Amino acid sequence: MSATISNTVTGERADLLESLGKARFFLRFTARDLTDEQAAQRSTVSALSIGGLVKHVTAVERQWARFIVEGTEAMAVNDDPAAWATYADGFRLLPGETLAGVLADYERVAAETDELVRTLADLDVSHPLPAAPWFEPGARWSARRTFQHIFAETAQHAGHADIIREAIDGSKSMG
């Protein structure tokens, strides 16, 4: 039995790709024409910046795509303080990081996820979620459900980024 399907995408796979693509577009669109300084700017009371949100969404998408392929082990939590510091750094642009660089990384991760949507043999493959207060004990997510989560996370943060962008220079994604 083949581990992949044809690259011809129809039905729910096409719907997943379209949804992911639209959410990603709106997140990237909030970063249009920004300088690195603006992309790193905290323009609201939130600790978030547009560059930090792109960086965070990239890491989240990468990790959930790994979960689809590798299972729960891809979601291992490291309680080491250095690991938590690294996690916190995932929400902001660090010295030497650029908006262009985080957007390029996001494009690479998005392309890998899209390829997984196209080629994964079975969207029903599932894995147990890791133990965490925000997951129901014993819950499992299928690849389908995980792709939907990636879409939801991206759309949610695109909205955050739109608010941050409007506070920087009045630009909006819509309207």
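Quick caveat: nothing in here was measured; it's all calculated off a predicted structure.

Rules and cut-offs
Residues numbered from 1 in each chain as written. Predicted model: local features only at pLDDT ≥ 70, side-chain atom pairs only at ≥ 80, totals over all residues. Heavy atoms only, no water. Helix = DSSP H or I, 4+ residues; strand = E, 2+ residues; numbered from the N terminus. Buried < 20%, exposed > 50% of the residue type's maximum accessible area, 1.4 Å probe, protein only. Contact = heavy atoms within 4.5 Å. Areas by Shrake-Rupley, 256 points an atom, 1.4 Å probe, with all protein chains shown as cover. Lys, Arg positive; Asp, Glu negative; His and termini not counted. Charge placed at Lys NZ, Arg CZ, Asp CG, Glu CD. Core = buried A, V, L, I, M, F, W, Y, C linked by side-chain atoms within 4.5 Å. Patch = residues over 30% accessible without salt bridge, like charges linked within 9 Å, V, L, I, M, F, W, Y side chains within 5 Å. Salt bridge = Lys/Arg side-chain N within 4 Å of Asp/Glu carboxyl O. Expected span 1.5 Å × (residues − 1). Arc of directions from axis to C-beta. Phe/Tyr/Trp six-rings, centres within 6.5 Å; stacked < 30°, edge-to-face > 60°.

> So what exactly am I meant to see when it comes to the overall build of the protein chain here?
The secondary structure content of the protein chain amounts to six helices and two strands. Taken from the N to the C terminus, the helices and strands of the protein chain come in the order α-α-α-α-α-β-β-α. Expressed along its principal axes, the backbone C-alpha trace of the protein chain runs to roughly 55 × 40 × 30 Å. Considering the protein chain as a whole, with its 175 residues, one finds that 40% of them fall into the buried category. Relative to all contacts within the protein chain whose residues are 6 or more apart in sequence, the contacts with residues 24 or more apart total 77%. Total accessible area on the protein chain stands at roughly 9,500 Å², and carbon and sulfur atoms take up 56% of it. Of the charged side chains in the protein chain, 17 are positive and 25 negative, and the gap between their average positions amounts to 2 Å.

> I keep staring at the nonpolar core and nothing clicks. Help me out?
In globular proteins that are soluble, nonpolar side chains generally tend to be buried together. Ranked by internal contacts, the top residues of the largest apolar core, which has 21 residues, are W64, L120, L129 and F147. Elements with a contribution of two residues or more to this core: α1 (11–29), α3 (50–70), α5 (99–119) and α6 (143–169). When residues in this core are grouped by element, the largest group, five residues, is from α3. F147 has contacts with L16, L20, I68, T113, L116, V117, L120 and L123, leaving out every residue within four places of it along the chain. If you look at the next biggest cluster of nonpolar residues, it comprises 18 residues, including A39, V102, L103 and I164.

> Would you mind showing me how to read a nonpolar patch on the surface here?
A surface patch of nonpolar side chains, about 350 Å² in accessible area, is lined by V77, W84 and Y87. The residue W84 is located in helix α4 (residues 81–89) in this model.

> I keep staring at α1 and nothing clicks. Help me out?
Structurally, the α-helix is built with 3.6 residues per turn, so residues lying three or four positions apart point the same way. Between its first and last C-alpha, α1 extends 27 Å over 19 residues, near the 27 Å set by a 1.5 Å rise per residue. Buried residues of α1: R13, L16, L17, L20, A23, R24 and L27, and no others. Angularly, the buried residues of α1 cover 140 degrees about the axis, an arc narrow enough to put them on a single face. Where α1 is buried, its residues meet α3, α5 and α6.

> What's the story with α3 in this structure? I'm lost.
Spanning 21 residues, α3 covers 30 Å between terminal C-alpha atoms, matching the ideal 30 Å at 1.5 Å per step. Burial of α3 is extensive: 15 of the 21 residues sit out of reach of the surface. With its phi angle positive at about 90 degrees, G71 sits one or two positions after the end of α3.

> Help me understand the packing of aromatic side chains in this model?
For any pair of aromatic rings, geometry is given as the distance between the ring centres together with the angle between the planes. Considering all chains together, one arrives at nine aromatic pairs under this definition. Plain terms: the ring middles of F25 and F29 are 5.3 Å apart, the flat faces sit at 20 degrees to each other, and that makes the pair stacked. Residue F25 and its partner F29 are both found in helix α1; the two are separated by four residues, about one turn of the helix. On the accessibility criterion, F25 (40% relative accessible area) is partly exposed. Between the aromatic rings of W134 and F135, the centroid separation amounts to 6.3 Å while the plane-to-plane angle is 65 degrees, which identifies the pairing as edge-to-face. Put simply, the rings of W64, F67, W134, F135 and W141 touch in pairs and so form one group of aromatic residues.

Honestly, it's all geometry; don't read function into it.
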